[in-house]
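As a plain string of letters, each chain reads:
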Amino acid sequence: MRTLVIGGTGHIGTYLVPGLVGLGHDVTVLSRGERTPYHSDGAWKNVAIQHADRAAEDADGTFGRRVADLNPDIVIDLICFTEDSARQLTEALEGRIQHLLHCGTIWVHGPSVTVPTREDAPRRPFGDYGIQKAAIESYLLTKARRDGFPVTVIHPGHICGPGWTPVNPAGNFDLGVYAQLAQGQELALPNFGLETLNPVHAADVADIFLAALTNRSTAVGESFHAVASDALTLRGYAEGVARWFGQEAKLTFQPWQEWSRSASEQDAAATRDHISHSPNCSMEKAARLLGFRPRYSALDAALSGITWLVENGKITTWTPGAAAVAAPPPGGDGTDRRGRRTP
């Protein structure tokens, strides 16, 4: 099976590409060449990597034809962000492939209304990213229903894993938040800390793509969430991280206007975006149609990235003049030191 992965050297591709190789796929990756996989194993030596500038090739209308000319049986598109880009690719592939898998986002839902949110909930996206992704999903699923185009859409939550910074308990990417929890310092959260985040380990996202491939007959024409089986409140997340560092969380709560004044403009914008969505998405459909259940809880997924940050010296876990704060022993919180679930 010839499988082409567009954007296959990033978060998801790091786990997805070796999984495809393990299933016997002949894999080609199209990448800008600006990133290498976060973790590389022997499977990558069997992967053909070609450099591509999708934005430039979309602009001149050549990207879709380039993909089609590689004669793939399966295309997995991890980096499509506009309806026009999706349309160009789909038109070039129509009648030529067995399956297109598109990476969407749970942001297509907009703010949570009924939770856990199901895939068939009405779409009320806001912000350019969510609006564009919802338009792509609508276009692709309409093509599936009307024209029989073989597409599946996977909607990840907040992707976590070793090698990059997971969204923190304040809803942004400030590493200082983790340091405050590690050192037992007071941490202020917006409102009452009851808004939610929906982390997911990149390995679980990769595995749901593989599940959709192996259950093609039930996956085509459908969209699926890719999140942990649970969501985390900001407060619960902060408490879980503090415990992992051997600390008791010291939390205070501030009204949004007060809290946002103490944050940088970038951090405040990220937090506002996350808490305005407050996602809590259901994984029931993936279990029912694909037999897929996430391996990592929401906290486990986040801890996998936090552990990597600690091990690489990116989080200060000690207070000057005090002994270093040790992370809990392997298995003490249901995970090993890399945040992976233990039996």
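The structure presented is a predicted model; accordingly, all values stated were derived computationally and were not measured.

Asker: Outline the overall build of the protein chain, supporting the account with residue identities and numerical values.
Answerer: Per the secondary structure count, the protein chain includes 13 helices and 13 strands. Its C-alpha atoms give the protein chain a radius of gyration of 20 Å, near enough to 20 Å, the size a compact globule of 343 residues would have. Relative to its full complement of 343 residues, the protein chain shows a buried share of 54%. In the protein chain, the share of contacts with a sequence separation of at least 24, taken over all contacts with a separation of at least 6, comes to 77%. Roughly 14700 Å² of accessible area belongs to the protein chain as shown, and the carbon and sulfur atoms make up 49% of that amount. Each charge sign in the protein chain was given a centre, from 31 positive and 37 negative side chains, and these centres are 3 Å apart.

Asker: Describe in detail the packing of aromatic side chains, supporting the description with residues and values.
Answerer: Taken as a whole, this structure holds four aromatic pairs when the rule is applied. With centroids separated by 4.6 Å and ring planes inclined at 55°, the aromatic side chains of Tyr-38 and Trp-164 adopt a geometry described as tilted. Of this pair, Tyr-38 sits in the loop between strand E2 (26-31) and strand E3 (48-51) while Trp-164 is found in the loop between strand E7 (158-160) and helix H6 (175-182), placing the two residues 126 residues apart along the sequence. With 5.6 Å between their ring centres and 25° between their planes, Trp-256 and Trp-259 make a pair best called stacked. Residue Trp-256 and its partner Trp-259 are located together in helix H10 (residues 256-261), separated by three residues, close to a single helical turn. A residue is classified by how much of its surface remains accessible, and Trp-256, at 16% relative accessible area, is buried. Of note, Lys-285 hangs over the ring of Phe-224, and the distance from its end group to the ring centre comes to 5.1 Å.

Asker: Describe unusual backbone geometry, listing the residues and the values that go with them.
Answerer: Cis geometry is found at the peptide bond from Val-115 to Pro-116, where omega equals -5°. Non-glycine residue Asn-71 carries a positive phi angle of around 55°. Mapped onto the fold, Asn-71 is located in the loop between helix H3 (63-69) and strand E4 (74-77). Notably, Ser-278 is not glycine yet its phi reads approximately 40°, a positive angle. In this fold, Ser-278 is placed in the loop between helix H11 (265-277) and helix H12 (284-290). Of the residues examined, Ser-278 reaches a relative accessible area of 15% and is grouped as buried.

Asker: Could you give me a rundown of the side chain of Thr-117, with the residues and numbers involved?
Answerer: Within the secondary structure, Thr-117 is located in the loop between strand E5 (99-103) and helix H5 (128-147). With a relative accessible area of 6%, Thr-117 lands in the buried category. When neighbours within four sequence positions are excluded, Thr-117 is seen to be in contact with His-109, Ser-112, His-225, Asn-280, Cys-281 and Ser-282.

Asker: Account for the nonpolar core, naming residues and giving values.
Answerer: Across soluble globular proteins, nonpolar side chains have a tendency to be buried as a group. Counting residues in hydrophobic clusters, the biggest one holds 40 residues, and the most contacted among them are Ile-12, Leu-16, Ile-76, Ile-208 and Phe-209. Those elements that provide at least two residues to this core are helix H1 (11-22), E2, E4, E5, helix H7 (202-214), strand E11 (223-226) and H12. If one sorts the elements of this core by residue count, H7 sits on top with nine residues. Contact partners of Phe-209, with chain neighbours within four places excluded, come to Ile-12, Leu-16, Ile-76, Leu-78, Leu-101, His-102, Cys-103 and Ile-154. Judged by nonpolar contacts, the second largest core, of 29 residues, contains Val-167, Ala-179, Val-241 and Leu-309.

Asker: Summarise the environment of Ala-202; cite the residues concerned and give the values.
Answerer: Along the chain, the position of Ala-202 falls in helix H7. Not counting residues up to four positions away in its chain, the partners in contact with Ala-202 are His-11, Tyr-15, Ile-159, Cys-160 and Trp-164.

Asker: Could you give me a rundown of the pattern of salt bridges, with the residues and numbers involved?
Answerer: Enumeration over the complete set of coordinates arrives at 15 salt bridges. Between Arg-2 and Asp-73 there is a salt bridge whose closest N-O contact spans 3.7 Å. Residue Arg-2 is found in strand E1 (residues 2-6), and its partner Asp-73 is found in the loop between H3 and E4; the two are separated by 71 residues along the sequence. As a salt-bridge pair, Arg-235 and Glu-239 come within 3.4 Å of each other at their nearest N and O atoms. Taken together, the residues Arg-235 and Glu-239, both in helix H9 (residues 234-244) and four residues apart, mark about one turn of the helix. Take Arg-235: its relative accessible area is 35%, and that puts it in the partly exposed class. Three or more residues are tied together by salt bridges with common partners; here these are Glu-94, Lys-143, Arg-146 and Asp-147.

Asker: Let's hear about the side chain of Asp-204: which residues, and what values?
Answerer: Looking at the secondary structure, you find Asp-204 in helix H7. According to the relative accessible area criterion, Asp-204 is buried, its value standing at 1%.

Asker: Give a description of the pairing of E2 that names residues and reports values.
Answerer: Within E2, five of the six residues are buried, which leaves the element mostly enclosed by the surrounding structure. Handedness of the crossover is the feature at issue here: the chain leaves E1, passes through H1, returns alongside E2, and the resulting connection is right-handed. In this sheet, E3 lies alongside E2 in parallel orientation, the contact comprising four bridges. Within the sheet, the bridge partner assigned to Leu-30 lies in E3 and is Gln-50.

Asker: I'd love a proper account of H11, names of residues and values included.
Answerer: Between its terminal C-alpha atoms H11 stretches 19 Å, which fits the 18 Å expected from 13 residues at 1.5 Å a residue. Where H11 is concerned, the buried positions are Asp-267, Ala-268, Ala-270, Thr-271, His-274, Ile-275 and His-277. Packed against the buried residues of H11 are E7, strand E8 (186-190), strand E9 (196-197), H9 and H10. Positive backbone phi, approximately 40°, marks Ser-278, located one or two places after H11.

Rules behind the numbers
- Residues numbered from 1 in each chain as written.
- Predicted model: local features only at pLDDT ≥ 70, side-chain atom pairs only at ≥ 80, totals over all residues.
- Heavy atoms only, no water.
- Helix = DSSP H or I, 4+ residues; strand = E, 2+ residues; numbered from the N terminus.
- Rg over C-alpha atoms; globule rule 2.2 N^0.38 Å.
- Buried < 20%, exposed > 50% of the residue type's maximum accessible area, 1.4 Å probe, protein only.
- Contact = heavy atoms within 4.5 Å.
- Areas by Shrake-Rupley, 256 points an atom, 1.4 Å probe, with all protein chains shown as cover.
- Lys, Arg positive; Asp, Glu negative; His and termini not counted.
- Charge placed at Lys NZ, Arg CZ, Asp CG, Glu CD.
- Phe/Tyr/Trp six-rings, centres within 6.5 Å; stacked < 30°, edge-to-face > 60°.
- Lys NZ or Arg CZ within 6 Å of the ring centre and 35° of its normal.
- Core = buried A, V, L, I, M, F, W, Y, C linked by side-chain atoms within 4.5 Å.
- Salt bridge = Lys/Arg side-chain N within 4 Å of Asp/Glu carboxyl O.
- Right-handed = clockwise from strand over helix to strand, strands pointing away.
- Pairing = 2+ DSSP bridges.
- Expected span 1.5 Å × (residues − 1).

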